[in-house]
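Structural overview for review
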Amino acid sequence: MSKYLPKQSELVKEFEEKPSVLKGDYEGREWWEMPFEFREGNFCFPAKPEVIKDLGFPNPRKWQPTDDDWKLPDGWQKILKDAMKERLKKYRSLKLYLDSCVRCGACADKCHFFLGTGDPKNMPVLRAELVRSVYRNDFPMVEKILKGFAGARKLDEKVLREWYMYFYQCTECRRCSVFCPMGIDTAEITIMVREILQLVGLNNNWILAPVSNCNRTGNHLGIEPHTFVQNIESLVDDIEDVTGVKVNPTFNRKGAEILFITPSGDVFGDPGVYTMMGYLLLFHHIGLDYTISTYASEGGNFGFFTSNDMMKKLNAKMYHEAKRLGVKWILGGECGHMWRVVHQYMDTMNGPADFLEEPVSPVTGTKFTNARATKMVHIAEFTADLIKNGKLRLDPKRNDHLRTTFHDSCNVARGMGMFEEPRYILNKVCNSFHEMPENTIREQTFCCGSGSGINAEEYMEMRMKGGFPRANAVRHVREKHKVDSLVTICAIDRASLPPLMRYWNPGVSVYGLHELVGNALVMDGEKKRTEDLREDPMAGFEDGEEDED
Ligand code: SF4
Ligand code: SF4
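The rules behind the values
- Residues numbered from 1 in each chain as written.
- Chains lettered and ligands numbered in written order.
- Predicted model: local features only at pLDDT ≥ 70, side-chain atom pairs only at ≥ 80, totals over all residues.
- Heavy atoms only, no water.
- Helix = DSSP H or I, 4+ residues; strand = E, 2+ residues; numbered from the N terminus.
- Contact = heavy atoms within 4.5 Å.
- Polar contact = N/O pair within 3.5 Å; in protein donor to acceptor, adjacent residues only side chain to side chain.
- Pairing = 2+ DSSP bridges.
- Axes fitted to C-alpha atoms, helices over the stretch in contact; angles between N-to-C directions.
- 1 Å grid on protein atoms, 1.4 Å probe; cavity = no way out; pocket = protein on both sides within 12 Å on 5 of 7 lines; lining within 4 Å.
- Points joined across faces, edges and corners; volume = space filled by probe spheres on them.
- Nonpolar A, V, L, I, M, F, W, Y, C, P; charged D, E, K, R; others polar.

The subject of this paragraph is the environment of Lys-23. Among the secondary structure elements, Lys-23 is positioned in the loop between helix H1 (8-17) and helix H2 (49-55). A sequence separation of 92 residues divides Lys-23 from Leu-115, and the C-alpha atoms of the two residues are 10.0 Å apart. Lys-23 has contacts with Phe-15, Glu-16, Glu-17 and Lys-18, leaving out every residue within four places of it along the chain. A polar contact is formed between the side chain of Lys-23 and the backbone oxygen of Phe-15, at a distance of 2.8 Å. A polar contact is formed between the side chain of Lys-23 and the backbone oxygen of Glu-16, at a distance of 2.8 Å.

With parallel pairing, the three strands of this open sheet are ordered in space as S5-S6-S7. The open sheet has two edge strands, strand S5 (404-407) and strand S7 (509-512), and neither has a second partner. Neighbour-to-neighbour, the strand axes of the sheet open up by a mean angle of 35°, direction not taken into account. By the bridge criterion, four bridges tie S5 to strand S6 (residues 485-488) in an arrangement that is parallel. Paired with His-407 across the bridge in S6 is Thr-488. The strands that helix H22 (residues 491-504) touches are S5, S6 and S7; relative to S7, the one it contacts most, it runs at about 165°. Along the sheet face, helix H23 (residues 513-520) touches S5, S6 and S7 and points at about 75° away from the line of S7.

Turning our eyes to something else, we now look at the layout of surface pockets. Roughly 860 Å³ of internal volume is contained in the largest pocket. Considering the residues around the largest pocket, the lining is formed by 33 residues, among which Glu-14, Lys-18, Thr-117, Gly-118 and Asp-119 are closest to the centre. For the lining of the largest pocket, the secondary structure elements donating two or more residues are H1, helix H5 (112-117), helix H8 (157-166), helix H20 (460-466) and helix H21 (468-481). The element best represented in the lining of the largest pocket is H1, accounting for five residues. Classifying every residue of the lining of the largest pocket by side-chain character gives 16 nonpolar, seven polar and 10 charged. Of the voids in this model, the second largest pocket is the one considered here, and its volume is about 460 Å³. Contributing to the lining of the second largest pocket are 25 residues, with Trp-206, Leu-221, Gly-265, Ile-492 and Ala-495 lying nearest its centre. Residues that form the lining of the second largest pocket fall into these classes: 12 nonpolar, nine polar and four charged.

Just distances and angles here, no functional claims.
Okay, here's the thing in C-alpha coordinates:
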(Lines give C-alpha, C1' and ligand atoms only; values in the text may rest on other atoms or scores of the structure.)
(Ligands and ions follow the chains in the order given, each with its own letter.)
Protein backbone atom coordinates (compact mmCIF):
# COMPACT_ATOMS: atom_id res chain seq x y z
CA MET A 1 0.00 0.00 0.00
CA SER A 2 1.17 3.55 -0.73
CA LYS A 3 2.78 5.29 2.22
CA TYR A 4 0.53 8.23 1.36
CA LEU A 5 -2.61 6.21 1.93
CA PRO A 6 -4.19 5.45 5.31
CA LYS A 7 -5.94 2.15 5.86
CA GLN A 8 -9.55 2.13 4.67
CA SER A 9 -10.75 1.74 8.27
CA GLU A 10 -8.80 4.88 9.32
CA LEU A 11 -10.30 6.92 6.49
CA VAL A 12 -13.82 5.76 7.33
CA LYS A 13 -13.25 6.49 11.04
CA GLU A 14 -11.98 10.00 10.26
CA PHE A 15 -15.04 10.63 8.13
CA GLU A 16 -17.43 9.32 10.76
CA GLU A 17 -15.88 11.14 13.70
CA LYS A 18 -14.81 14.50 12.25
CA PRO A 19 -17.53 17.20 12.22
CA SER A 20 -18.50 17.88 8.64
CA VAL A 21 -20.96 20.10 6.78
CA LEU A 22 -21.85 17.05 4.74
CA LYS A 23 -23.29 15.41 7.86
CA GLY A 24 -25.09 18.57 8.93
CA ASP A 25 -22.46 19.75 11.45
CA TYR A 26 -22.15 23.53 11.30
CA GLU A 27 -19.32 24.98 13.29
CA GLY A 28 -20.68 28.53 13.27
CA ARG A 29 -17.71 29.76 11.28
CA GLU A 30 -17.85 31.58 7.96
CA TRP A 31 -16.44 29.58 5.09
CA TRP A 32 -13.35 31.74 4.75
CA GLU A 33 -12.51 31.14 8.41
CA MET A 34 -12.39 27.36 7.97
CA PRO A 35 -8.84 26.15 8.54
CA PHE A 36 -6.94 24.05 6.03
CA GLU A 37 -3.53 22.48 6.18
CA PHE A 38 -1.09 20.98 3.72
CA ARG A 39 0.08 17.59 4.89
CA GLU A 40 1.38 14.40 3.31
CA GLY A 41 -1.30 12.83 1.11
CA ASN A 42 -3.26 16.01 0.34
CA PHE A 43 -1.03 17.72 -2.21
CA CYS A 44 0.86 16.76 -5.35
CA PHE A 45 4.58 17.50 -5.48
CA PRO A 46 5.40 20.76 -7.27
CA ALA A 47 7.21 20.59 -10.60
CA LYS A 48 10.96 20.08 -10.45
CA PRO A 49 13.01 23.18 -11.38
CA GLU A 50 14.62 21.41 -14.37
CA VAL A 51 11.17 20.56 -15.78
CA ILE A 52 10.03 24.18 -15.45
CA LYS A 53 13.26 25.42 -17.04
CA ASP A 54 12.89 22.95 -19.88
CA LEU A 55 9.48 24.40 -20.68
CA GLY A 56 10.62 28.00 -20.29
CA PHE A 57 8.04 28.60 -17.55
CA PRO A 58 8.64 31.24 -14.86
CA ASN A 59 10.07 30.95 -11.36
CA PRO A 60 11.74 27.51 -11.32
CA ARG A 61 12.74 26.67 -7.76
CA LYS A 62 12.64 23.96 -5.11
CA TRP A 63 9.73 24.31 -2.72
CA GLN A 64 6.98 22.32 -1.01
CA PRO A 65 3.44 23.41 -0.07
CA THR A 66 4.30 22.57 3.56
CA ASP A 67 7.10 25.20 3.54
CA ASP A 68 6.53 28.48 5.40
CA ASP A 69 8.22 30.36 2.59
CA TRP A 70 6.97 29.50 -0.91
CA LYS A 71 9.72 31.67 -2.47
CA LEU A 72 7.21 33.58 -4.56
CA PRO A 73 8.55 36.08 -7.09
CA ASP A 74 8.55 39.79 -6.23
CA GLY A 75 5.25 41.42 -7.10
CA TRP A 76 3.39 38.11 -7.26
CA GLN A 77 0.06 39.77 -6.41
CA LYS A 78 0.39 42.11 -9.41
CA ILE A 79 1.38 39.21 -11.69
CA LEU A 80 -1.75 37.32 -10.69
CA LYS A 81 -4.11 40.29 -10.80
CA ASP A 82 -2.84 41.37 -14.22
CA ALA A 83 -3.22 37.81 -15.48
CA MET A 84 -6.76 37.66 -14.13
CA LYS A 85 -7.62 41.00 -15.70
CA GLU A 86 -6.29 39.85 -19.06
CA ARG A 87 -8.31 36.65 -18.95
CA LEU A 88 -11.50 38.36 -17.82
CA LYS A 89 -11.21 40.51 -20.92
CA LYS A 90 -10.35 37.60 -23.20
CA TYR A 91 -12.81 34.96 -21.95
CA ARG A 92 -16.37 36.27 -21.64
CA SER A 93 -17.42 32.93 -20.17
CA LEU A 94 -15.12 33.45 -17.21
CA LYS A 95 -16.60 36.86 -16.43
CA LEU A 96 -20.07 35.41 -16.76
CA TYR A 97 -19.26 32.53 -14.41
CA LEU A 98 -17.84 34.90 -11.81
CA ASP A 99 -20.72 37.36 -12.09
CA SER A 100 -23.80 35.19 -12.34
CA CYS A 101 -23.82 32.78 -9.39
CA VAL A 102 -27.05 33.27 -7.41
CA ARG A 103 -25.83 31.03 -4.56
CA CYS A 104 -28.77 28.69 -4.90
CA GLY A 105 -26.65 25.79 -3.64
CA ALA A 106 -27.80 23.33 -6.31
CA CYS A 107 -24.18 22.41 -7.01
CA ALA A 108 -23.12 22.12 -3.37
CA ASP A 109 -23.41 18.36 -2.92
CA LYS A 110 -22.61 17.37 -6.51
CA CYS A 111 -18.82 17.37 -6.35
CA HIS A 112 -17.12 14.04 -5.62
CA PHE A 113 -14.42 15.83 -3.61
CA PHE A 114 -17.03 17.38 -1.34
CA LEU A 115 -18.79 14.03 -0.97
CA GLY A 116 -15.49 12.30 -0.25
CA THR A 117 -14.04 14.88 2.16
CA GLY A 118 -16.96 16.85 3.61
CA ASP A 119 -14.76 19.94 3.25
CA PRO A 120 -17.06 22.91 2.45
CA LYS A 121 -14.43 24.52 0.23
CA ASN A 122 -14.91 21.53 -2.05
CA MET A 123 -18.48 22.62 -2.74
CA PRO A 124 -18.28 23.99 -6.28
CA VAL A 125 -19.99 27.21 -5.20
CA LEU A 126 -17.32 27.84 -2.56
CA ARG A 127 -14.46 26.67 -4.75
CA ALA A 128 -15.43 29.41 -7.20
CA GLU A 129 -15.98 31.79 -4.30
CA LEU A 130 -12.26 31.51 -3.48
CA VAL A 131 -11.71 33.51 -6.67
CA ARG A 132 -14.91 35.53 -6.68
CA SER A 133 -14.08 36.99 -3.27
CA VAL A 134 -10.86 38.44 -4.70
CA TYR A 135 -12.56 39.51 -7.92
CA ARG A 136 -15.14 41.35 -5.83
CA ASN A 137 -12.49 43.10 -3.81
CA ASP A 138 -10.00 44.01 -6.48
CA PHE A 139 -11.82 44.78 -9.68
CA PRO A 140 -13.04 48.39 -9.91
CA MET A 141 -16.51 47.97 -11.42
CA VAL A 142 -17.43 44.98 -9.29
CA GLU A 143 -16.05 46.77 -6.27
CA LYS A 144 -18.30 49.78 -6.88
CA ILE A 145 -21.40 47.64 -7.13
CA LEU A 146 -20.67 45.05 -4.47
CA LYS A 147 -18.38 46.81 -2.02
CA GLY A 148 -19.03 45.55 1.45
CA PHE A 149 -20.62 42.36 0.19
CA ALA A 150 -19.71 39.63 2.64
CA GLY A 151 -16.58 37.74 1.76
CA ALA A 152 -14.68 40.25 -0.41
CA ARG A 153 -11.02 39.42 0.27
CA LYS A 154 -7.58 40.74 -0.56
CA LEU A 155 -5.27 38.46 -2.49
CA ASP A 156 -2.84 37.60 0.30
CA GLU A 157 -0.71 34.54 0.88
CA LYS A 158 -3.44 32.66 2.74
CA VAL A 159 -5.80 33.08 -0.20
CA LEU A 160 -3.05 31.99 -2.58
CA ARG A 161 -2.47 28.83 -0.54
CA GLU A 162 -6.19 28.09 -0.66
CA TRP A 163 -6.18 28.50 -4.42
CA TYR A 164 -3.29 26.07 -4.72
CA MET A 165 -4.96 23.52 -2.49
CA TYR A 166 -8.54 23.64 -3.75
CA PHE A 167 -8.00 24.19 -7.47
CA TYR A 168 -5.97 21.00 -7.45
CA GLN A 169 -8.86 19.32 -5.61
CA CYS A 170 -11.05 19.93 -8.64
CA THR A 171 -10.67 17.45 -11.47
CA GLU A 172 -12.39 19.75 -13.98
CA CYS A 173 -15.03 17.04 -14.37
CA ARG A 174 -17.98 19.46 -14.87
CA ARG A 175 -20.47 17.38 -12.89
CA CYS A 176 -21.47 20.49 -10.94
CA SER A 177 -22.27 22.35 -14.15
CA VAL A 178 -24.97 19.80 -15.04
CA PHE A 179 -26.98 20.92 -11.99
CA CYS A 180 -26.35 24.68 -12.13
CA PRO A 181 -29.46 26.60 -13.25
CA MET A 182 -27.20 29.46 -14.39
CA GLY A 183 -25.02 27.19 -16.52
CA ILE A 184 -21.88 27.99 -14.52
CA ASP A 185 -18.99 25.72 -15.34
CA THR A 186 -16.67 25.68 -12.33
CA ALA A 187 -14.16 23.61 -14.30
CA GLU A 188 -13.50 26.67 -16.49
CA ILE A 189 -12.69 28.67 -13.37
CA THR A 190 -10.31 25.94 -12.23
CA ILE A 191 -8.63 25.88 -15.63
CA MET A 192 -8.08 29.63 -15.47
CA VAL A 193 -6.78 29.63 -11.89
CA ARG A 194 -4.36 26.79 -12.56
CA GLU A 195 -3.13 28.65 -15.64
CA ILE A 196 -2.38 31.84 -13.74
CA LEU A 197 -0.80 29.97 -10.79
CA GLN A 198 1.82 28.76 -13.29
CA LEU A 199 2.88 32.37 -13.71
CA VAL A 200 4.23 32.47 -10.16
CA GLY A 201 5.69 28.96 -10.34
CA LEU A 202 2.89 27.11 -8.51
CA ASN A 203 2.27 23.88 -10.34
CA ASN A 204 2.38 20.10 -10.17
CA ASN A 205 5.12 17.75 -11.33
CA TRP A 206 2.70 15.01 -12.37
CA ILE A 207 1.36 17.42 -14.98
CA LEU A 208 4.44 19.33 -16.05
CA ALA A 209 6.83 16.36 -16.39
CA PRO A 210 4.54 14.69 -19.00
CA VAL A 211 4.06 18.05 -20.71
CA SER A 212 7.82 18.45 -20.97
CA ASN A 213 8.22 14.86 -22.22
CA CYS A 214 5.47 15.34 -24.78
CA ASN A 215 7.01 18.58 -25.94
CA ARG A 216 10.30 16.75 -26.53
CA THR A 217 9.34 13.30 -27.82
CA GLY A 218 5.64 13.48 -28.70
CA ASN A 219 4.32 11.43 -25.77
CA HIS A 220 3.84 11.85 -22.04
CA LEU A 221 6.28 9.14 -21.05
CA GLY A 222 9.15 10.60 -23.09
CA ILE A 223 9.54 7.38 -25.07
CA GLU A 224 11.60 7.72 -28.22
CA PRO A 225 10.39 6.43 -31.61
CA HIS A 226 12.35 3.16 -31.70
CA THR A 227 11.14 2.16 -28.22
CA PHE A 228 7.58 3.09 -29.13
CA VAL A 229 7.76 0.72 -32.12
CA GLN A 230 9.40 -2.05 -30.08
CA ASN A 231 6.64 -1.89 -27.51
CA ILE A 232 3.88 -2.24 -30.06
CA GLU A 233 5.81 -5.07 -31.73
CA SER A 234 5.92 -6.91 -28.42
CA LEU A 235 2.13 -6.54 -28.22
CA VAL A 236 1.93 -8.00 -31.73
CA ASP A 237 3.84 -11.05 -30.40
CA ASP A 238 1.49 -11.30 -27.42
CA ILE A 239 -1.52 -11.24 -29.76
CA GLU A 240 -0.01 -14.06 -31.79
CA ASP A 241 0.62 -16.11 -28.64
CA VAL A 242 -3.01 -15.79 -27.53
CA THR A 243 -4.84 -15.94 -30.88
CA GLY A 244 -2.40 -17.43 -33.35
CA VAL A 245 -2.95 -14.40 -35.61
CA LYS A 246 -0.08 -12.17 -36.71
CA VAL A 247 -1.23 -8.55 -37.06
CA ASN A 248 0.86 -6.07 -39.03
CA PRO A 249 0.69 -2.46 -37.84
CA THR A 250 2.74 0.05 -39.84
CA PHE A 251 4.54 3.13 -38.54
CA ASN A 252 4.90 6.56 -40.15
CA ARG A 253 3.69 5.15 -43.49
CA LYS A 254 3.02 7.88 -46.00
CA GLY A 255 -0.12 7.47 -48.05
CA ALA A 256 -2.04 5.35 -45.52
CA GLU A 257 -5.75 6.17 -45.51
CA ILE A 258 -6.06 6.70 -41.75
CA LEU A 259 -3.73 7.93 -39.00
CA PHE A 260 -4.48 6.19 -35.69
CA ILE A 261 -3.62 8.12 -32.50
CA THR A 262 -4.20 6.85 -28.98
CA PRO A 263 -2.88 7.78 -25.50
CA SER A 264 0.61 6.46 -24.85
CA GLY A 265 -0.75 4.70 -21.76
CA ASP A 266 -2.30 2.19 -24.18
CA VAL A 267 1.13 1.38 -25.53
CA PHE A 268 3.03 1.16 -22.26
CA GLY A 269 0.79 0.73 -19.23
CA ASP A 270 -1.12 -2.21 -17.78
CA PRO A 271 -4.12 -2.55 -18.37
CA GLY A 272 -4.06 -0.08 -21.31
CA VAL A 273 -1.88 -2.41 -23.39
CA TYR A 274 -4.72 -4.93 -23.64
CA THR A 275 -6.91 -2.21 -25.12
CA MET A 276 -4.15 -1.56 -27.67
CA MET A 277 -4.13 -5.27 -28.51
CA GLY A 278 -7.89 -4.99 -29.08
CA TYR A 279 -7.43 -2.11 -31.55
CA LEU A 280 -4.74 -4.02 -33.45
CA LEU A 281 -6.96 -7.10 -33.74
CA LEU A 282 -9.92 -4.98 -34.87
CA PHE A 283 -7.92 -3.20 -37.58
CA HIS A 284 -6.56 -6.52 -38.83
CA HIS A 285 -10.04 -8.05 -38.80
CA ILE A 286 -11.41 -5.38 -41.16
CA GLY A 287 -8.23 -4.92 -43.23
CA LEU A 288 -7.95 -1.23 -42.34
CA ASP A 289 -5.39 0.84 -44.23
CA TYR A 290 -3.94 2.71 -41.25
CA THR A 291 -0.66 3.81 -39.79
CA ILE A 292 0.61 4.80 -36.35
CA SER A 293 2.90 7.79 -35.90
CA THR A 294 5.95 7.62 -33.64
CA TYR A 295 5.92 11.45 -33.45
CA ALA A 296 2.24 12.13 -32.78
CA SER A 297 2.59 9.27 -30.33
CA GLU A 298 0.26 10.65 -27.69
CA GLY A 299 -3.47 11.26 -27.87
CA GLY A 300 -3.64 12.72 -24.36
CA ASN A 301 -2.83 16.37 -23.80
CA PHE A 302 -1.62 17.48 -20.38
CA GLY A 303 -1.19 20.92 -21.91
CA PHE A 304 -4.93 21.16 -21.20
CA PHE A 305 -4.10 21.14 -17.47
CA THR A 306 -1.32 23.69 -17.92
CA SER A 307 -2.29 26.58 -20.20
CA ASN A 308 -4.25 27.25 -23.36
CA ASP A 309 -1.03 27.90 -25.27
CA MET A 310 0.53 24.62 -24.19
CA MET A 311 -2.64 22.68 -25.00
CA LYS A 312 -2.64 24.21 -28.48
CA LYS A 313 1.02 23.41 -29.05
CA LEU A 314 0.75 19.77 -28.01
CA ASN A 315 -2.46 19.27 -29.97
CA ALA A 316 -0.94 20.72 -33.16
CA LYS A 317 1.25 17.67 -33.73
CA MET A 318 -1.79 15.58 -34.70
CA TYR A 319 -2.61 17.76 -37.71
CA HIS A 320 1.06 18.27 -38.60
CA GLU A 321 1.59 14.54 -38.67
CA ALA A 322 -1.61 13.87 -40.62
CA LYS A 323 -0.43 16.39 -43.22
CA ARG A 324 3.10 14.99 -43.38
CA LEU A 325 1.83 11.45 -43.88
CA GLY A 326 -0.85 12.48 -46.38
CA VAL A 327 -3.67 10.51 -44.68
CA LYS A 328 -7.36 11.21 -45.35
CA TRP A 329 -8.48 11.47 -41.74
CA ILE A 330 -7.62 10.62 -38.14
CA LEU A 331 -9.03 7.86 -35.94
CA GLY A 332 -8.62 8.40 -32.20
CA GLY A 333 -8.41 5.78 -29.44
CA GLU A 334 -10.04 5.55 -26.01
CA CYS A 335 -9.16 8.60 -23.94
CA GLY A 336 -10.93 11.20 -21.83
CA HIS A 337 -9.29 14.61 -21.88
CA MET A 338 -7.87 13.95 -25.37
CA TRP A 339 -11.44 14.01 -26.62
CA ARG A 340 -12.41 17.11 -24.65
CA VAL A 341 -9.52 18.91 -26.37
CA VAL A 342 -10.37 17.45 -29.79
CA HIS A 343 -14.10 18.00 -29.50
CA GLN A 344 -14.15 21.45 -27.94
CA TYR A 345 -10.95 23.19 -28.99
CA MET A 346 -9.01 21.44 -31.78
CA ASP A 347 -10.79 22.90 -34.78
CA THR A 348 -10.65 26.49 -33.56
CA MET A 349 -7.13 26.15 -32.09
CA ASN A 350 -5.36 24.38 -34.91
CA GLY A 351 -7.90 24.02 -37.70
CA PRO A 352 -9.41 24.17 -40.15
CA ALA A 353 -7.69 20.99 -41.34
CA ASP A 354 -8.74 21.55 -44.96
CA PHE A 355 -6.02 19.22 -46.19
CA LEU A 356 -7.94 16.28 -44.65
CA GLU A 357 -11.21 14.78 -45.92
CA GLU A 358 -14.56 14.48 -44.17
CA PRO A 359 -14.19 11.05 -42.51
CA VAL A 360 -15.90 8.13 -44.25
CA SER A 361 -15.62 4.56 -42.98
CA PRO A 362 -13.79 2.58 -45.68
CA VAL A 363 -15.67 -0.55 -44.53
CA THR A 364 -19.28 0.63 -44.25
CA GLY A 365 -19.28 3.86 -46.26
CA THR A 366 -20.78 5.73 -43.31
CA LYS A 367 -19.99 9.46 -43.34
CA PHE A 368 -19.04 10.76 -39.90
CA THR A 369 -20.65 14.14 -40.43
CA ASN A 370 -20.19 14.97 -36.75
CA ALA A 371 -16.43 14.95 -37.41
CA ARG A 372 -16.69 17.20 -40.47
CA ALA A 373 -14.82 20.00 -38.68
CA THR A 374 -12.14 18.13 -36.74
CA LYS A 375 -11.66 15.28 -39.26
CA MET A 376 -11.14 13.01 -36.29
CA VAL A 377 -13.41 10.06 -35.41
CA HIS A 378 -13.77 8.43 -31.99
CA ILE A 379 -12.98 4.71 -32.00
CA ALA A 380 -16.29 3.92 -30.23
CA GLU A 381 -18.27 5.60 -33.04
CA PHE A 382 -16.19 3.77 -35.60
CA THR A 383 -16.63 0.34 -34.01
CA ALA A 384 -20.33 0.82 -33.22
CA ASP A 385 -20.88 1.60 -36.91
CA LEU A 386 -18.99 -1.56 -37.94
CA ILE A 387 -21.14 -3.68 -35.64
CA LYS A 388 -24.39 -2.03 -36.71
CA ASN A 389 -23.52 -2.80 -40.33
CA GLY A 390 -22.68 -6.43 -39.55
CA LYS A 391 -18.99 -6.11 -40.40
CA LEU A 392 -17.56 -7.81 -37.32
CA ARG A 393 -17.66 -11.49 -36.48
CA LEU A 394 -18.17 -11.44 -32.74
CA ASP A 395 -18.62 -14.12 -30.13
CA PRO A 396 -19.78 -12.43 -26.90
CA LYS A 397 -19.46 -15.76 -25.04
CA ARG A 398 -15.71 -15.19 -25.12
CA ASN A 399 -16.30 -12.57 -22.42
CA ASP A 400 -18.51 -14.83 -20.28
CA HIS A 401 -15.82 -14.95 -17.59
CA LEU A 402 -16.54 -11.24 -16.94
CA ARG A 403 -19.55 -9.55 -15.34
CA THR A 404 -19.29 -5.95 -16.43
CA THR A 405 -20.43 -2.44 -15.65
CA PHE A 406 -19.53 0.73 -17.53
CA HIS A 407 -17.90 3.88 -16.16
CA ASP A 408 -18.67 6.97 -18.28
CA SER A 409 -15.50 9.03 -18.44
CA CYS A 410 -16.34 12.65 -17.57
CA ASN A 411 -14.69 14.17 -20.62
CA VAL A 412 -16.29 11.83 -23.13
CA ALA A 413 -19.71 11.77 -21.48
CA ARG A 414 -20.16 15.38 -20.36
CA GLY A 415 -17.52 16.85 -22.66
CA MET A 416 -18.81 15.38 -25.92
CA GLY A 417 -22.16 13.80 -25.07
CA MET A 418 -21.16 10.25 -25.99
CA PHE A 419 -23.34 7.86 -23.99
CA GLU A 420 -24.79 5.25 -26.34
CA GLU A 421 -21.95 4.01 -28.56
CA PRO A 422 -19.87 2.37 -25.81
CA ARG A 423 -22.99 0.73 -24.33
CA TYR A 424 -24.06 -0.52 -27.74
CA ILE A 425 -20.64 -2.11 -28.26
CA LEU A 426 -20.50 -3.56 -24.76
CA ASN A 427 -23.88 -5.20 -25.20
CA LYS A 428 -22.66 -6.81 -28.44
CA VAL A 429 -19.35 -8.12 -27.12
CA CYS A 430 -20.40 -9.49 -23.74
CA ASN A 431 -23.44 -11.17 -22.22
CA SER A 432 -23.29 -9.69 -18.74
CA PHE A 433 -23.55 -5.90 -18.52
CA HIS A 434 -25.16 -4.09 -15.59
CA GLU A 435 -25.64 -0.34 -15.25
CA MET A 436 -24.69 1.51 -12.09
CA PRO A 437 -27.46 3.69 -10.53
CA GLU A 438 -28.94 6.30 -12.88
CA ASN A 439 -27.63 9.31 -10.93
CA THR A 440 -24.03 8.07 -11.25
CA ILE A 441 -23.83 7.40 -14.99
CA ARG A 442 -24.09 9.17 -18.36
CA GLU A 443 -24.29 12.95 -17.87
CA GLN A 444 -24.27 12.52 -14.08
CA THR A 445 -21.27 10.23 -14.02
CA PHE A 446 -18.87 10.49 -11.08
CA CYS A 447 -15.23 11.25 -11.75
CA CYS A 448 -12.56 8.62 -11.00
CA GLY A 449 -11.14 11.19 -8.54
CA SER A 450 -7.76 11.37 -10.29
CA GLY A 451 -8.42 13.23 -13.56
CA SER A 452 -6.91 16.52 -14.71
CA GLY A 453 -3.36 15.54 -13.79
CA ILE A 454 -3.65 14.60 -10.11
CA ASN A 455 -3.06 10.89 -10.59
CA ALA A 456 0.10 11.11 -8.48
CA GLU A 457 1.18 8.48 -5.98
CA GLU A 458 1.70 11.11 -3.27
CA TYR A 459 -1.91 12.26 -3.69
CA MET A 460 -3.34 8.82 -3.00
CA GLU A 461 -5.33 9.78 0.10
CA MET A 462 -7.21 12.56 -1.71
CA ARG A 463 -7.69 10.34 -4.76
CA MET A 464 -9.32 7.63 -2.66
CA LYS A 465 -11.58 10.22 -1.01
CA GLY A 466 -12.50 11.93 -4.29
CA GLY A 467 -13.05 8.58 -6.02
CA PHE A 468 -15.30 7.26 -3.27
CA PRO A 469 -18.67 8.15 -4.89
CA ARG A 470 -17.65 6.29 -8.07
CA ALA A 471 -16.40 3.33 -6.05
CA ASN A 472 -19.61 3.28 -4.03
CA ALA A 473 -21.72 2.99 -7.20
CA VAL A 474 -19.51 0.11 -8.38
CA ARG A 475 -19.98 -1.55 -5.01
CA HIS A 476 -23.75 -1.34 -5.55
CA VAL A 477 -23.61 -3.39 -8.77
CA ARG A 478 -21.00 -5.70 -7.30
CA GLU A 479 -23.34 -6.57 -4.46
CA LYS A 480 -26.47 -6.69 -6.62
CA HIS A 481 -25.15 -8.37 -9.78
CA LYS A 482 -21.75 -9.78 -8.77
CA VAL A 483 -20.04 -7.38 -11.18
CA ASP A 484 -16.28 -7.96 -11.28
CA SER A 485 -15.23 -5.90 -14.31
CA LEU A 486 -15.33 -2.13 -14.68
CA VAL A 487 -15.13 -1.12 -18.34
CA THR A 488 -14.08 2.36 -19.37
CA ILE A 489 -12.99 4.32 -22.46
CA CYS A 490 -10.36 6.56 -20.86
CA ALA A 491 -6.64 5.95 -20.42
CA ILE A 492 -6.48 7.96 -17.18
CA ASP A 493 -9.34 5.85 -15.83
CA ARG A 494 -7.48 2.70 -16.77
CA ALA A 495 -4.58 3.97 -14.63
CA SER A 496 -6.57 5.49 -11.78
CA LEU A 497 -9.47 3.08 -11.29
CA PRO A 498 -7.41 -0.05 -10.47
CA PRO A 499 -6.02 1.38 -7.18
CA LEU A 500 -9.46 2.86 -6.41
CA MET A 501 -11.04 -0.58 -6.88
CA ARG A 502 -8.31 -2.33 -4.88
CA TYR A 503 -8.99 0.12 -2.03
CA TRP A 504 -12.79 0.21 -1.98
CA ASN A 505 -13.88 -2.84 -4.06
CA PRO A 506 -11.22 -5.53 -4.07
CA GLY A 507 -11.92 -8.14 -6.74
CA VAL A 508 -13.10 -5.65 -9.39
CA SER A 509 -10.71 -5.33 -12.35
CA VAL A 510 -10.58 -2.53 -14.91
CA TYR A 511 -10.88 -3.08 -18.68
CA GLY A 512 -10.80 -0.96 -21.81
CA LEU A 513 -13.80 -1.36 -24.11
CA HIS A 514 -11.68 -2.48 -27.06
CA GLU A 515 -9.99 -5.09 -24.94
CA LEU A 516 -13.38 -6.77 -24.73
CA VAL A 517 -13.90 -6.20 -28.45
CA GLY A 518 -10.54 -7.92 -29.04
CA ASN A 519 -11.57 -10.85 -26.83
CA ALA A 520 -14.83 -11.30 -28.75
CA LEU A 521 -13.50 -11.01 -32.31
CA VAL A 522 -13.46 -14.27 -34.25
CA MET A 523 -10.40 -13.86 -36.44
CA ASP A 524 -9.62 -15.62 -39.71
CA GLY A 525 -6.85 -18.17 -39.15
CA GLU A 526 -7.05 -18.05 -35.36
CA LYS A 527 -6.05 -20.99 -33.20
CA LYS A 528 -8.48 -22.56 -30.74
CA ARG A 529 -9.02 -19.90 -28.12
CA THR A 530 -8.80 -20.69 -24.42
CA GLU A 531 -7.55 -17.40 -23.01
CA ASP A 532 -8.49 -13.75 -23.23
CA LEU A 533 -5.97 -11.04 -24.13
CA ARG A 534 -4.70 -11.02 -20.52
CA GLU A 535 -4.10 -14.76 -20.83
CA ASP A 536 -6.86 -15.36 -18.30
CA PRO A 537 -8.93 -18.49 -18.99
CA MET A 538 -12.22 -17.86 -20.81
CA ALA A 539 -15.23 -19.59 -19.24
CA GLY A 540 -16.53 -22.49 -21.35
CA PHE A 541 -13.42 -22.56 -23.55
CA GLU A 542 -11.14 -24.40 -21.18
CA ASP A 543 -10.67 -27.39 -23.47
CA GLY A 544 -10.33 -25.18 -26.54
CA GLU A 545 -13.73 -26.27 -27.82
CA GLU A 546 -16.10 -23.38 -28.37
CA ASP A 547 -19.69 -24.08 -27.45
CA GLU A 548 -21.54 -23.31 -30.70
CA ASP A 549 -25.16 -22.89 -29.45
S1 SF4 B 1 -15.76 20.47 -11.96
FE2 SF4 B 1 -16.01 18.50 -10.87
S3 SF4 B 1 -14.32 18.49 -9.39
FE4 SF4 B 1 -14.57 20.62 -10.08
S5 SF4 B 1 -15.96 21.55 -8.62
FE6 SF4 B 1 -17.25 20.78 -10.29
S7 SF4 B 1 -17.86 18.71 -9.62
FE8 SF4 B 1 -16.11 19.32 -8.35
S1 SF4 C 1 -25.67 25.88 -8.83
FE2 SF4 C 1 -24.78 27.59 -10.02
S3 SF4 C 1 -25.87 29.41 -9.32
FE4 SF4 C 1 -26.28 27.80 -7.82
S5 SF4 C 1 -24.68 28.04 -6.24
FE6 SF4 C 1 -23.88 26.57 -7.71
S7 SF4 C 1 -22.70 27.80 -9.19
FE8 SF4 C 1 -24.02 29.22 -8.05
